Every structure is written in structure tokens, then in C-alpha cells.
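Breakdown of the fold
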Amino acid sequence: MWPNNRFIKLCGIELPIIQAPMAGSALSDMVVAVSQAGGLGSLACALLSVENARKELESIRRRTSRPINANFFCHQPPREDHAREINWRGRLDAYYIQLQVDSNTSIPQSARAPFDEEMCDLVMKFHPEVVSFHFGLPDKNLLLRIRKSGAKILSSATSVDEARWLEDQGCDAIIAQGFEAGGHRGMFLTEDVSTQVGTMALVPQVVDAVKVPVIAAGGIADARGILAAFALGAAAVQIGTAYLRCPEAQISPLYRQALKDAKDNETAITNVFTGRPARAILNRFIREVGPMSDLAPEFPLAAATLAPLRAKSELAGSADFTSLWSGQSARLSRELPAADLTKQLAAETLKNLTLLQTKA
Ligand SMILES: Cc1cc2nc3c(=O)[nH]c(=O)nc-3n(C[C@H](O)[C@H](O)[C@H](O)COP(=O)(O)O)c2cc1C
């Protein structure tokens, strides 16, 4: 039925649609809805404590027996750089004064800790059928433990070099993340954002370079995008931004409104929110301090200094300092429950495929 069955067979799912893991924006309700609908629901664990990740996984396993994906960041922990912290704080001083935020305010932050033994224990306990990573892969021992659990291992590549590297390390499938994608760039062999590749160019080149199935990600938000991904040789798609408008997404009304209003040319790659390049809807903070700043401390340290500004401005009903992660196709997204969205995307793709074949 699908032009390429490799990924759905690999994971034992019905539909070649992965709901992208979205740290801070989607939890068990979204995962269960998508997996029950036949796609692959993903739990992003990067912003969860071990205890909260356990709770979410327990809740998911209670509510569905379908395959699920657990996702983790695996960046290098940041080096301490006091001087850089001071410069960054200095850059934000004027905002602290303007918003009348006490300079000693600090807001507890999630550690955004890379995947470790404790999270690996959770994987062994809950046995997600798929485990995916962002920013490369964890160290070999952790990877071996996951492999032994029987989970299929995925990670994001933003270039052919990264895709080949991931395949060499034993990934079972590769997510080709194009420049259009919302959220953090998964890039790990380069820091040069200016050479990042769009989905249309990246997917077929990765397909040519590796033997494992390739999943297309970035800017895909409707059946036309999914069909195009298959035409480029992908075996599935990973969709993030389009799922953010589902009621299951745990985002603020401000964020929801921004997604509804965002035009094609109103996102940018920026490092000012966390210290790592990520695509977000333009707002005051990106315009005035970014989009890329040499002053931003290493990931994820930039976020802590910003947090009090964000909290104060959100209280006043403004998203001026909020990271509104979004891909370039927010405009194509629809407000639908996640299960309905998954089923509709699949049905419309198959319908378009038939129409194309008839025309041919
Ligand atoms: C709000 C948001 C949060 C994200 N968080 C993660 C994450 O925690 N882990 C991950 O692997 N990818 C994350 N991503 C990137 C997605 O996996 C995927 O590459 C991207 O959403 C695809 O582009 P699209 O948003 O245009 O569909 C995130 C994306 C968004 C929009």
C-alpha cells in the first residue's frame, strides 16, 4: 500500500508517520494518541527528570500496547565559562531593568542532561520499541545496553556525513532533518549553520548514501509533504510542528496563537534561547539579540539567564522572550486531535498517491 514499507516493518507500526519527540511540548497523551492511531508516538525525555520520565512511560504503557519511541539528547555537557556567563548577563541587563526583574532572580531549570545510566535503566524497564537520539549518539556502552533491550535505534542527521557516521555506529534508521525543521538542529559533526541542507536536497542524498531506511523531517505538515518525502526515497516522515496545534500538545495559549499566526517567512535559526541553533518563530528577543549571537553560553546554559525575563513577560501576556519552536510550515498545520491528524495525514497521502498514479 505504501510506496516504501521498510520503516513500518522495522518497527511494527501501521502508518509511516512518526510524531516528532518535542521536549517541553508533548507528553504521554500525545504519544498514546498517535501510537493508538497506528503511527509512532514519541516521548521526548530531554526536559524530564528521571522520575517524571518514569511516570510518563508508566502512563503510556498502561494506555497502549502499540510501539512507542523514547527520545533523548546526547550532547557533550557544557564547559564552565564564567567570563562568557558574565558577558551574556551583561547583554541582557537592559531587559532586566526594563522589565523590572530583580537581578538575583533565578528560576530552577531542567538540567537538559544528556542520556545517562539512569535514563538507560528506564529504557531497560519499559522497553520502548524505538529509542531515538538528537545531537549524535551516547557512548558505546549505553548504546550496547539499548541494543540488547531489542529497541531499534534512530538518530537525526543533518548532512550525508552525519548519516554515514550514524549508520557506521549501528543505527537502524536515520532521520534526515532538513533546514526547515522546527526545534534544535540535530547537527553534531559541524557547528556551521550556514551550510545546513534543506529537506528536499538532504533526503535523496542521504538515501543514496546509506543502506538503512531514511525518515524525512523538516517542513512536512500535510499529505503533499509526505508524498514528496516518499518520492525522495524516504521510508517514513517525522512531523513536529504540525502536531503542536493538537489539543494534546502541552503549550501555552501564547505559543498556540503564535503558531496559528506564523507565516512561512517568520521563523529563524537562532542560538539565543539555549546556546544551540534551533528554529523558532521570530520575536523581540531573536530580533534584538540574535538570531545568532557569539555571546550566548554553551548549550543549554543560555536558557537560565533568560528564564526570569521569559517568566515576567509571559505573566504580562507577551511572548517576547519565549522560545516559540516551529518549523517553516506552521501555516500548513491544522487544529485537530492527534489521532485524527495522524489518520487524516495517512488517508490523504494514500488518496494523493492514487490520484498521481491515475494521472500518470
Ligand atoms: C517544539 C519542538 C521540540 C522539539 N524537541 C525535540 C526533541 O526533544 N528531540 C528531538 O529529537 N527532536 C526535537 N525536535 C525536532 C523534531 O524531531 C523534528 O526534527 C522537527 O520537528 C521536524 O520539523 P517540523 O517541525 O517542521 O515538522 C523538536 C521540534 C519542535 C518543533
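As a reminder, the structure under discussion sits directly above these lines.
Presented here is an overview of the structure given in this document. (Residues numbered from 1 in each chain as written. Predicted model: local features only at pLDDT ≥ 70, side-chain atom pairs only at ≥ 80, totals over all residues. Heavy atoms only, no water.)

Some thoughts on the overall build of the protein chain
Regarding its fold elements, the protein chain presents 13 helices and eleven strands. The C-alpha radius of gyration computed for the protein chain amounts to 20 Å, which stays within 12% of the reference 21 Å derived for 360 residues, consistent with globular compactness. Overall size of the protein chain, expressed as C-alpha extent along the three principal axes, is 60 × 45 × 40 Å. Burial status across the protein chain gives 57% buried among its 360 residues. Counting 38 positive and 38 negative side-chain charges, the protein chain places the averaged centre of each group 5 Å from the other. (Helix = DSSP H or I, 4+ residues; strand = E, 2+ residues; numbered from the N terminus. Rg over C-alpha atoms; globule rule 2.2 N^0.38 Å. Buried < 20%, exposed > 50% of the residue type's maximum accessible area, 1.4 Å probe, protein only. Lys, Arg positive; Asp, Glu negative; His and termini not counted. Charge placed at Lys NZ, Arg CZ, Asp CG, Glu CD.)

Looking at the packing of helix H9 (residues 223-231) against helix H13 (residues 338-359)
Where H9 contacts H13, the axes come no closer than 8 Å and their chain directions differ by 60°. With respect to H13, the element H9 is oriented oblique. For the crossing formed where H9 meets H13, the hand is right-handed. Of H13, the residues touching H9 (which contributes Ala223, Arg224, Ile226 and Leu227) are Leu345, Glu348, Thr349, Asn352, Leu353 and Leu356. Across the contact of H9 with H13, the residue classes break down as six nonpolar, two polar and two charged. (Axes fitted to C-alpha atoms, helices over the stretch in contact; angles between N-to-C directions. Parallel < 35°, antiparallel > 145°, perpendicular 65-115°, else oblique. Left-handed = near helix turned anticlockwise from the far one by under 90°. Contact = heavy atoms within 4.5 Å. Nonpolar A, V, L, I, M, F, W, Y, C, P; charged D, E, K, R; others polar.)

A few points about the site of the ligand
Around the ligand sit 23 residues in total, of which Asn71, Gly219, Gln238, Gly240 and Thr241 are the nearest. Measuring from an oxygen atom of the ligand, one finds a backbone N or O atom of Ala23 at 3.2 Å. Between the ligand and the protein, one listed contact pairs an oxygen atom with a backbone N or O atom of Gly182 at 3.3 Å. With the chains in place, 98% of the 600 Å² that the ligand exposes on its own is no longer accessible. In terms of residue class, the shell around the ligand is built from eleven nonpolar, twelve polar and no charged. (Near = heavy atom within 4 Å. Polar contact = N/O pair within 3.5 Å; in protein donor to acceptor, adjacent residues only side chain to side chain. Areas by Shrake-Rupley, 256 points an atom, 1.4 Å probe, with all protein chains shown as cover.)

A closer look at the sheet that holds strand S10 (residues 267-270)
In spatial order, the strands read S7-S11-S10; together these three strands make up an open sheet with antiparallel pairing. Sheet topology places strand S7 (183-184) and S10 at the edges, where each strand pairs with a single neighbour. Pairing analysis gives two bridges linking S7 to strand S11 (residues 278-281), with the strands arranged antiparallel. For Gly183, the partnering residue across the bridge sits in S11 and is Arg279. (Pairing = 2+ DSSP bridges.)

Here we look at the nonpolar core
If you look at the biggest cluster of nonpolar residues, it comprises 117 residues, and the most contacted ones within it are Phe7, Phe133, Tyr243 and Phe285. When sequence neighbours within four positions are dropped, the list of residues in contact with Tyr243 reads Ile17, Gln19, Met22, Met30, Val34, Ala249, Ala338, Leu341, Thr342 and Leu345. (Core = buried A, V, L, I, M, F, W, Y, C linked by side-chain atoms within 4.5 Å.)

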